[in-house]
Amino acid sequence: MRRFVFVLSMLLLTFDFTPNGLADSVRFKNGDVLTGKVMSLDKGKLVFKHSSLGSVTITVADISAINAETDMQIKLKDAEARVGRLVVQDDVMAFVANDGARVAATSDQLDTIATLESLSQNAAAGQQKFSGDVLIGISDIRGNSEISSVFLRGEAKLSEVMAGGNPDPLKMKADYGHSKEKGELSSRRGLGQLRYDNEIWNKTSLFFVEKVSFDEFRSLDLRAEEQIGLARKLIVQPKYGASADFGLTRIDSFFENAPNQGEFGLVLGAHVHWNIIGSLAFTQDFTFRPTFEDFSDYLLDSETGLATKLSTNWKVKLLYQTFYDNDPPASVESSDRNLILSFGHSF
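Conventions and cut-offs
- Residues numbered from 1 in each chain as written.
- Predicted model: local features only at pLDDT ≥ 70, side-chain atom pairs only at ≥ 80, totals over all residues.
- Heavy atoms only, no water.
- Helix = DSSP H or I, 4+ residues; strand = E, 2+ residues; numbered from the N terminus.
- Buried < 20%, exposed > 50% of the residue type's maximum accessible area, 1.4 Å probe, protein only.
- Contact = heavy atoms within 4.5 Å.
- Areas by Shrake-Rupley, 256 points an atom, 1.4 Å probe, with all protein chains shown as cover.
- Pairing = 2+ DSSP bridges.
- Phe/Tyr/Trp six-rings, centres within 6.5 Å; stacked < 30°, edge-to-face > 60°.
- pLDDT = per-residue confidence, 0-100.
- Core = buried A, V, L, I, M, F, W, Y, C linked by side-chain atoms within 4.5 Å.
- 1 Å grid on protein atoms, 1.4 Å probe; cavity = no way out; pocket = protein on both sides within 12 Å on 5 of 7 lines; lining within 4 Å.
- Points joined across faces, edges and corners; volume = space filled by probe spheres on them.
- Nonpolar A, V, L, I, M, F, W, Y, C, P; charged D, E, K, R; others polar.
- Salt bridge = Lys/Arg side-chain N within 4 Å of Asp/Glu carboxyl O.

Asks: Before we go on, may I ask you to explain the overall build of the chain in this structure?
Replies: Along its length, the chain carries two helices and 22 strands. The proportion of buried residues among the 347 residues of the chain is 38%. Across the chain, every contact between residues at least 6 apart in sequence was considered, and the portion connecting residues at least 24 apart equals 46%. When the accessible area of the chain is evaluated, it comes to approximately 18,900 Å², of which 57% is carbon and sulfur surface.

This is the structure we're talking about:
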């Protein structure tokens, strides 16, 4: 009787009795294939749903490859969790993220797998919907001021899970800095930015940016800016990537001691990231905004970053910012440079 049950189990494992909607498969190191649906993976155990056997738990060490036909949140060891699929081609397994990044992976590199349905249910029940960083540090400003100041930054983005697998759909950023002289608050600088991306075809999205800033170091009471355009991922690789923006912008600037300005123009942007080694990462963001009235009248912002993790949730980050206005108001220098050393907590 036990032999009969063993043979029947092997037959169920070998042949496909799976109904529509259960299209994932697990290939074992002994050559057997089990077809069904991946439910989860954690702590070296894969939970797999089979049409006849029900939910079975499989030790990852016994698996040679997994083929997953639906989007899931997959985390490889020493990497961030991403939404994508596991595919097997020519007997080689690879993780393919929704943004097109592809990296070869073995079963022992898999850390966790979760379905989007389960993550969405957890989010609806009050689990985390956003991820990001909170940074605090010291900045050294050169240009209109020669002074050091406190620096604060908060960054957050909506999770891919809550956006149905769309990578980085909503990003928010807020910066604040101030300096003191003789114990009195002398100057402040702040920025709030929201960016929304909606993918309209492969690697191309429609973006909208709303940005509000003030800068007492440059006698700028307030600057409000709206941007709309197209963003294109130019390079998508596991360790590095590059993208570009092209669109229209409206900039309204209000100065303390100069006439206010309101201008339409173009916005050209470039964004680069590179995971150099381990947790050490390099980023570069560049934005060029010429006006329609005079293309020689433009604003240019640049931020270079170098960051590394101190632990799972803590990091240290070095930033170098440049703000350039080729036609500034009278008595205001055209360029400000800001070197920032900060420590941050990721959530």
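On we go from here.
Asks: Got a minute to help me understand the pairing of strand E18 (residues 261–277) in this structure?
Replies: For a regular strand, the rule is simple: side chains alternate between the two faces of the sheet. By the bridge criterion, 14 bridges tie strand E17 (residues 240–255) to E18 in an arrangement that is antiparallel. Bridge assignment links Asp245 to a residue of E18, and that residue is Gly269. Where E17 folds back onto E18 in an antiparallel hairpin, the turn is made up of five residues. Sheet analysis places E18 next to strand E19 (residues 280–290), joined by nine bridges and oriented antiparallel. Note that in E19 the partner of Asn275 across the bridge is Ala281. Taking the residues between adjacent antiparallel strands as the criterion, E18 and E19 are bridged by two residues, where Gly278 takes a positive phi near 60°.

Asks: Is there a simple way to explain the environment of Leu299 in this structure?
Replies: Turning to its location among the elements, Leu299 is positioned in strand E20 (residues 298–309). Take Leu299: its relative accessible area is 11%, and that puts it in the buried class. With 29 residues separating them along the chain, Leu299 and Pro328 place their C-alpha atoms 9.5 Å apart. Leave out the neighbours within four places in its chain, and Leu299 touches Arg223, Ile251, Thr287, Phe288, Arg289, Tyr324 and Asp325.

Asks: How do you make sense of the packing of aromatic side chains when you look at a structure like this?
Replies: Geometrically, a pair of aromatic rings is defined through the distance of the ring centres and the angle of the planes. Scanning all chains against the criterion turns up two aromatic pairs. Relative to Tyr324, the ring of Tyr298 has its centre 5.9 Å away and its plane inclined at 35°; by these criteria the two rings are tilted. On the criterion of sequence distance, the pair formed by Tyr298 in strand E20 and Tyr324 in strand E21 (residues 314–325) is long-range, its members being 26 residues apart. Tyr298 sits in the partly exposed class, given a relative accessible area of 22%.

Asks: Honestly, the confidence of the model for the chain in this entry has me stumped. Any pointers?
Replies: For the chain, per-residue confidence averages 83 on the pLDDT scale, and residues scoring 70 or more make up 85% of the total. Of all the helices and strands in the chain, helix H1 (residues 2–14) carries the lowest mean pLDDT, 45, while E19 carries the highest, 96. Under a pLDDT of 50 for its full length, residues 1–21 has, in the predicted model, 20 contacts with residues more than four places off or in other chains.

Asks: Quick question: what am I supposed to make of the nonpolar core here?
Replies: Buried together is how nonpolar side chains tend to be arranged in soluble globular proteins. Within the largest apolar cluster, 25 residues are counted, with the highest numbers of intra-cluster contacts made by Leu46, Ile66, Ile74, Leu86, Leu110 and Ile113. Among the elements of the structure, strand E1 (24–28), strand E2 (33–42), strand E3 (45–50), strand E5 (63–67), strand E6 (72–76), strand E8 (92–97) and strand E10 (110–115) are those that each provide at least two residues to this core. Non-local contacts of Leu46, meaning those with residues more than four positions away in its chain, are made with Val26, Val38, Ser40, Leu41, Val56, Thr57, Ile58, Val60, Ile63 and Ile66.

Asks: Help me understand empty space enclosed by the protein, please; the structure alone is not making it clear to me.
Replies: Any empty space left between the atoms is revealed when a probe the size of a water molecule rolls over them. Within the structure shown, the criterion is met by two cavities of 30 Å³ or more. There is about 90 Å³ of room inside the largest cavity. Going through the elements one at a time, E17, E18 and E20 are the ones with two or more residues in the lining of the largest cavity. The residue makeup of the lining of the largest cavity, split by class, is three nonpolar, three polar and six charged.

Asks: Would you mind going over unusual backbone geometry with me for this structure?
Replies: Trans peptide bonds make up most of the peptide bonds, and negative phi angles are found at most residues other than glycine. You will see that Lys43, though not glycine, has its phi angle at about 55°, which is positive. Assignment of secondary structure puts Lys43 in the loop between E2 and E3.

Asks: Help me understand the side chain of Ser213, please; the structure alone is not making it clear to me.
Replies: Relative to the elements of secondary structure, Ser213 occurs in strand E15 (residues 204–215). Those residues in contact with Ser213 that lie beyond four places of it in its chain are Gly190, Leu191, Asp221, Leu222 and Arg223.

Asks: Quick question: what am I supposed to make of the pattern of salt bridges here?
Replies: If charged atoms from side chains of opposite charge come close, those side chains can pair. Tallied over the entire structure, the rule returns 14 salt bridges. The salt bridge involving Arg189 is made with Asp336; its shortest N-O contact spans 3.2 Å. Pair noted here: Arg189 is in strand E14 (residues 184–201) and Asp336 is in strand E22 (residues 335–346), with a separation of 147 residues, a long-range link. Two residues, Asp245 and Arg195, come together in a salt bridge whose shortest N-O distance is 2.9 Å. A residue pair is termed long-range when its members are at least 10 positions apart, and Asp245 in strand E17 and Arg195 in strand E14 qualify at 50 residues. Both residues of the pair, Asp245 and Arg195, belong to the buried class. Linked by salt bridges that have partners in common, Asp140, Arg142 and Glu146 make up one network.

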